[in-house]
Amino acid sequence: RAMFAHDSKENAESSVHIGDSTPEAVEEFLFFLYHGRLQRVPLTSVDVTACLVHLASKYQMGVLMGICKDILVDIVDVSNVLKMMKMVDKYPELSEISVKLGSFFKENFEVIVINDDWSEFMATNPALVTNLLRAFAK
């Protein structure tokens, strides 16, 4: 609403261009805007949820962000925990789930580190890896 209350491109054109997400996530986002709930329940895709997290953050939608937090906690597994940890690092609104993800990481460490994603994660997220290992050592 705020976009349409000021002199902006969105107000002048009566439209909003969302080019930084996937069609599936935008569809879920619009459904949420109109109905106050997600269309696909349960949402099981971490990629779609990541896009919804981005949209919820960008458009300051706290209720949607809360739903996304719950989804992420529900669908965490060894194949997506690293992707989720990167999301938590990028979006401070997700900080509440970092303890749960850290516990999951600690419980499944031996399986996670033999996954191909671990090498890439270490190379591209050195500060995050350092924080994880510090938490792991406690």
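Scroll up to find the structure this text is about.
Caption draft 1: Expanded view of the side chain of Lys69. Take Lys69: it is sitting in helix α5 (residues 62-75). Exposure remark for Lys69: the relative accessible area of 13% places this residue in the buried category.

Caption draft 2: The arrangement of the nonpolar core in detail. Within the largest apolar cluster, 41 residues are counted, with the highest numbers of intra-cluster contacts made by Leu64, Met85 and Leu94. Every element with two or more residues in this core is listed here: α3 (23-35), α4 (46-58), α5, α6 (81-90), α7 (98-107), α9 (116-124) and α10 (126-137). Sort the elements by how many residues they give to this core and α4 lands first, with eight residues.

Caption draft 3: View of the pattern of salt bridges. Within this structure, the stated rule accounts for six salt bridges. For Glu24, the salt bridge goes to Arg40, with nearest N and O atoms at 3.9 Å. Separated by 16 residues along the polypeptide, Glu24 in helix α3 and Arg40 in the loop between α3 and α4 bring together distant segments of the chain. For Glu24, a relative accessible area of 36% translates into the label partly exposed. Across the pair Glu96 and Lys69 runs a salt bridge whose closest N-O atoms are separated by 3.0 Å. Of this pair, Glu96 sits in the loop between α6 and α7 while Lys69 sits in helix α5, and the two are 27 residues apart along the sequence.

Caption draft 4: Looking closely at α6. All of the buried residues in α6 are Val81, Leu82, Met84, Met85, Met87 and Val88. In this structure, the buried side of α6 is in contact with α4, α5, α7, α8 (109-112), α9 and α10.

Caption draft 5: Main features of the side chain of Ser21. Positionally, Ser21 belongs in the loop between α2 (9-13) and α3. Assessed through its relative accessible area of 19%, Ser21 is described here as buried. Excluding residues that lie within four positions of it along the chain, Ser21 makes contacts with Val26, Cys51 and Leu55.

Reading guide: rules and limits
- Residues numbered from 1 in each chain as written.
- Predicted model: local features only at pLDDT ≥ 70, side-chain atom pairs only at ≥ 80, totals over all residues.
- Heavy atoms only, no water.
- Helix = DSSP H or I, 4+ residues; strand = E, 2+ residues; numbered from the N terminus.
- Buried < 20%, exposed > 50% of the residue type's maximum accessible area, 1.4 Å probe, protein only.
- Core = buried A, V, L, I, M, F, W, Y, C linked by side-chain atoms within 4.5 Å.
- Salt bridge = Lys/Arg side-chain N within 4 Å of Asp/Glu carboxyl O.
- Contact = heavy atoms within 4.5 Å.

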